[in-house]
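Summary of the model geometry
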2 protein chains.
Amino acid sequence: MRRRLIDALEGQPVDTIPIWLMRQAGRYLPGYRALRARHSILEIARTPDLACEVTLEPVRRFDVDAAVVFADITLPFAGLGVDFSIDPGVGPVIPRPIRTAAQVEALRPFDARASVPFVGQAIERYRAAEHDRPIIGFAGAPFTLASYLIEGGPSREYAETKRLLYAEPRTFDRLLDRLTEATIDYLARQAEAGAAALQLFDTWVGTLGLRRYERHVVPFLERLRDGLAPWKRPVIYFATGASHLLERAGRLGFAALGVDWRESLGRLRRRLGDGVTLQGNLDPGALLAGRATLEAEARAVLAEIPDHDRHVFNLGHGVLPATDPERVNALVELVHEEGTARR
Amino acid sequence: MRRRLIDALEGQPVDTIPIWLMRQAGRYLPGYRALRARHSILEIARTPDLACEVTLEPVRRFDVDAAVVFADITLPFAGLGVDFSIDPGVGPVIPRPIRTAAQVEALRPFDARASVPFVGQAIERYRAAEHDRPIIGFAGAPFTLASYLIEGGPSREYAETKRLLYAEPRTFDRLLDRLTEATIDYLARQAEAGAAALQLFDTWVGTLGLRRYERHVVPFLERLRDGLAPWKRPVIYFATGASHLLERAGRLGFAALGVDWRESLGRLRRRLGDGVTLQGNLDPGALLAGRATLEAEARAVLAEIPDHDRHVFNLGHGVLPATDPERVNALVELVHEEGTARR
């Protein structure tokens with residue numbers, strides 16, 4: 001197995017900077033688009049052969065240093081007894097949002113083997129098909145999952161989430177508690193199936209200020225960290241639109257901090273030291289530019305951590321559908337070349 | 001006129017901390033709801049008598065230190081020749097988004113007197129009706145207006161904005177240039193009509209990293225600042241979800257920096273010094289909690305700037321529709337009492 005990504009996450013020496021891209025298996029790729037013309041996201045995610053095929057496409061096409069299992073952070077909702085769908089152009093839709101203590105108590109006990117067997121199976125099929133590049137498993141972080149369940153989908157203001165958090169903090173914490181336990185089980189199953197690293201997506205946590213993050217989120221992230229420790233997999237914690245929380249998040253004890261394109265990696269490295277790997281953080285929009293602009297933007301990201309120590313190159317968010325795959329190829333080559341040259 | 005707000009914005013001594021609330025004239029108020037049952041947002045905004053009535057409701061009901069003219073940041077689009085609507089639950093919708101150099105060049109010359117006469121008229125009617133509290137005028141900041149025009153509405157990823165910015169930077173800058181000129185004219189007309197302070201809403205600028213903000217946004221904000229200088233009105237610059245940009249934004253030379261609930265006012269004051277007034281930043285969600293929680297949260301905001309110097313109390317975002325007006329009343333009283341007691 002190519003260990004470059006795992007070594008960088010664990011702070012071990014590497015021959016060059018590893019790179020993978022969030023949503024590297026996505027709509028910008030022809031194979032994925034062809035499959036999506038016939039199947040929904042949930043059909044693909046729940047069919048291990050299809051999920052494996054989608055997972056393999058970018059790894060076969062580009063020299064990225066890892067695969068990412070094709071799945072969705074909402075998949076565990078079914079195992080909690082929550083109906084949901086993924087609507088094109090909208091995202092997850094939960095017809096009956098969870099907003100009361102009674103609803104939280106009525107959530108079903110979660111068992112990843114029973115309710116999301118296909119994710120582990122997709123990882124196992126990938127490992128049988130491809131022995132070179134490690135595969136990353138992932139899950140939504142508890143706050144982000146909770147905000148979907150409470151709002152009933154993506155939200156701009158998170159008014160219902162805020163109401164529950166401020167007006168019924170015990171109910172809110174109990175929901176986070178249930179989601180934390182489910183997420184530990186879900187990620188443990190992915191590790192068991194062969195995921196070499198795990199990423200937690202805390203996509204919406206930036207809607208909280210630092211005091212509320214400390215009070216309602218950090219304790220559950222610490223429990224997650226401890227619950228996953230026996231599996232000895234490096235965990236990447238990725239929060240978007242959360243520049244105000246990153247210094248705290250970088251001290252949670254996860255191996256790596258995913259950073260969106262807004263923040264300066266150099267500034268974070270100076271504040272956090274080199275005890276944590278930084279992953280990121282090219283603006284996905286730069287892949288829509290001409291090659292010269294893309295290269296300049298990528299070099300600017302590389303220059304943020306001049307010694308290249310504990311840096312995993314990635315975008316600050318997922319690959320945009322309008323991206324030309326050849327630009328992705330150029331980016332991967334540039335990062336590997338520059339990462340070697342400067343060492 | 002009660003000068004408390006203006007004095008705090010200009011760094012003059014005040015008897016207590018001034019407070020006003022973004023969207024203080026909104027759906028949580030019965031008078032506004034009754035009017036909205038009969039009229040659309042645009043109808044109200046374009047009818048000075050109705051806009052004045054909506055503007056007055058919170059000033060008559062609460063002891064807030066300013067009124068805010070009822071308007072929408074998209075109103076100037078019509079004067080640029082851009083069709084748009086405001087769709088309930090969605091926000092602004094622009095059927096034919098602006099994405100090419102030819103479209104930018106085809107924008108009509110903007111004349112606030114001709115295309116948005118009703119905003120100045122609403123301010124004039126307010127001043128005729130209410131002599132006590134000053135009225136705040138406002139506009140969208142150029143980047144935020146541009147992102148609406150380019151995306152065709154609110155967006156999560158700003159893919160088209162990023163494409164234009166990275167792939168056709170000259171076209172992007174030319175669009176910002178046109179919007180900057182229009183915004184100067186629009187705000188100047190509001191000042192002329194009697195607005196005592198002006199707020200710039202840069203709602204979506206947080207989607208840019210610092211380098212792109214510096215390159216594509218700062219020069220236009222500086223031009224806006226200089227263009228408005230002859231009117232001698234304190235200007236509040238408010239960017240949401242932009243914690244990573246606030247230190248730079250606080251040095252733009254505007255009188256005040258609006259801060260959303262994510263960021264710590266104390267940290268910003270320490271970094272920026274007291275040459276700029278900080279406005280904010282209670283989480284609007286705290287108004288949905290019980291009174292004890294609301295008071296604790298408001299006191300936590302007040303404690304961030306213990307000397308109360310150059311602080312204008314506000315929410316970190318607009319009042320949520322589910323808010324009980326009595327909570328707003330309690331908040332206004334608490335801020336005025338605490339602001340006095342500690343001086």
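The structure reproduced in this document is the subject of the present report. (Residues numbered from 1 in each chain as written. Chains lettered and ligands numbered in written order. Predicted model: local features only at pLDDT ≥ 70, side-chain atom pairs only at ≥ 80, totals over all residues.)

On to the overall build of chain A, then. The number of helices and strands found in chain A is 16 helices and nine strands. Computed over the C-alpha atoms, the radius of gyration of chain A is 19 Å, within 12% of the 20 Å expected from 2.2 N^0.38 for a compact globule of 343 residues. Each principal axis of the C-alpha distribution contributes one length, and for chain A these read about 60 × 45 × 40 Å. Across the 343 residues of chain A, 55% fall into the buried class. Taking all contacts inside chain A whose residues are at least 6 apart in sequence as the whole, residues at least 24 apart take part in 74%. (Helix = DSSP H or I, 4+ residues; strand = E, 2+ residues; numbered from the N terminus. Rg over C-alpha atoms; globule rule 2.2 N^0.38 Å. Buried ≥ 20, exposed ≤ 12 C-beta atoms within 10 Å, placed from the backbone. Contact = placed C-beta atoms within 7 Å.)

Attention shifts here to the interface of chain A and chain B. Every contact between the two is made by 28 residues of chain A and, on the other side, 28 residues of chain B. Broken down by secondary-structure element, the contributors of at least two residues to the side of chain A that touches chain B are helix 9 (159–167), helix 11 (210–216) and helix 15 (291–304) of chain A. In terms of residues, the side of chain A that touches chain B owes the most to one element, helix 9 of chain A, which gives six residues.

With that settled, the discussion passes to the relation of the copies chain A and chain B. For the pair chain A and chain B, the relating rotation is 180°, the translation along its axis is 0.0 Å, and the fit reaches an RMSD of 0.0 Å. Accordingly, the operation relating the two chain copies is best matched by a two-fold axis. When you check the interface residues of chain A against chain B, 100% turn up at the interface there too, and the contact is symmetric in its surfaces. (Least-squares fit on C-alpha atoms with pLDDT ≥ 70 in both.)

In sheet architecture, strand pairing relies on hydrogen bonds along the backbone and comes in two forms, parallel and antiparallel. Residue and element names in this part refer to chain B. Strand order in the open sheet formed by seven strands is 1-4-5-6-7-8-9, with parallel pairing between adjacent strands. A single partner strand is all that each edge strand has here, and the edge strands are strand 1 (67–68) and strand 9 (311–315). Taken together, the five bridges between strand 4 (residues 135–140) and strand 5 (residues 197–202) define a ladder with parallel strand orientation. Directly across from G137, in strand 5, lies its bridge partner L198. (Pairing = 2+ DSSP bridges.)

Attention now moves to the sheet that holds strand 6 (residues 235–239) of chain A. Residues and elements named next belong to chain A. Across the sheet, which stays open at both edges, the seven strands sit in the order 1-4-5-6-7-8-9 with parallel pairing between neighbours. The sheet is open, and its two edges are formed by strand 1 (67–68) and strand 9 (311–315), each paired on a single side. Contacting strand 4 (135–140) and strand 5 (197–202), helix 10 (residues 169–193) crosses the sheet at an angle of about 170° to strand 4. (Axes fitted to C-alpha atoms, helices over the stretch in contact; angles between N-to-C directions.)

With that out of the way, let us pick up the pairing of strand 5 of chain B. All names here are of chain B. For strand 5, the tally of buried residues reaches six of six residues, placing the bulk of the element in the interior. Burial of strand 5 is two-sided: the residues A197, Q199 and F201 facing one way and the residues L198, L200 and D202 facing the other way are all buried. When strand 5 meets strand 6 (residues 235–239), the two strands line up parallel, connected through five bridges. Residue Q199 lies in a different strand from strand 6, and its bridge partner there is I236.

What follows covers the environment of B:N281. Residues and elements named next belong to chain B. With respect to the secondary-structure elements, N281 resides in strand 8 (residues 277–282). Judged by the 23 C-beta atoms lying within 10 Å of it, N281 is buried. In sequence terms N281 and A298 are 17 residues apart; their C-alpha atoms lie 8.9 Å from each other. Those residues within four positions of N281 in sequence are excluded, and the remaining contacts are V259, D260, W261, E263, L265, V301, N314 and G316.

All names here are of chain A. By the element assignment, P325 lies in helix 16 (residues 325–341). Of the residues examined, P325 has 16 C-beta atoms within 10 Å and is grouped as partly exposed. A sequence separation of 297 residues divides P325 from Y28, and the C-alpha atoms of the two residues are 6.8 Å apart. Dropping the residues within four chain positions of it, P325 is found in contact with Y28, L29 and R61.

Turning our attention to the pairing of strand 6 of chain B. All names here are of chain B. Within strand 6, five of the five residues are buried, which leaves the element mostly enclosed by the surrounding structure. Every second residue of strand 6 is oriented toward a common face, with V235, Y237 and A239 on one face and I236 and F238 on the other, all of them buried. As defined by bridge partners, strand 6 adjoins strand 7 (residues 256–259) across four bridges and the pair is classed as parallel. When the sheet's bridge partners are listed, Y237 is paired in strand 7 with L257.

Turning our eyes to something else, we now look at the packing of helix 8 (residues 142–151) of chain A against helix 10 of chain A. When two helices pack together, their arrangement is captured by the angle between the axes and the distance separating the axes. Residue and element names in this part refer to chain A. The geometry of helix 8 relative to helix 10 is characterised by a closest axis approach of 9 Å and an angle of 120° between their N-to-C directions. By the criterion of interaxial angle, the relationship of helix 8 to helix 10 is oblique. Like other packed secondary-structure pairs, helix 8 and helix 10 cross with a definite hand, here right-handed. Between helix 8, through P142, F143, L145 and A146, and helix 10, the contact on the second element is made entirely by L175, L176, L179, T180 and T183. The residue inventory of the contact of helix 8 with helix 10, partitioned by class, reads seven nonpolar, two polar and no charged. (Parallel < 35°, antiparallel > 145°, perpendicular 65-115°, else oblique. Left-handed = near helix turned anticlockwise from the far one by under 90°. Nonpolar A, V, L, I, M, F, W, Y, C, P; charged D, E, K, R; others polar.)

With that settled, consider helix 8 of chain A. Structurally, the α-helix is built with 3.6 residues per turn, so residues lying three or four positions apart point the same way. Residues and elements named next belong to chain A. Burial runs high along helix 8: ten of the ten residues are buried. Residues P142, F143, T144, L145, A146, S147, Y148, L149, I150 and E151 constitute the buried set of helix 8. Just downstream of helix 8 lies G152, where phi reads positive at about 90°.

With respect to the element layout, B:M1 can be found in the segment before helix 1 (4–10). Those residues in contact with B:M1 that lie beyond four places of it in its chain are B:H131, B:D132 and B:P134.

Leave glycine aside and you will find that most residues have negative phi; peptide bonds, for their part, are mostly trans. Following A:G280, the chain continues to A:N281 via a peptide bond in cis, the omega torsion being -10°. For B:R23, which is not glycine, the phi dihedral falls at a positive 55°. Here B:R23 shows up in the loop between helix 1 and helix 2 (30–38). Although it is not a glycine, B:H308 sits at a positive phi angle of roughly 65°. Tracing the backbone through its elements, the reader meets B:H308 in the loop between helix 15 (291–304) and strand 9. Overall, B:H308 belongs to the partly exposed group, with 17 C-beta atoms counted inside 10 Å.

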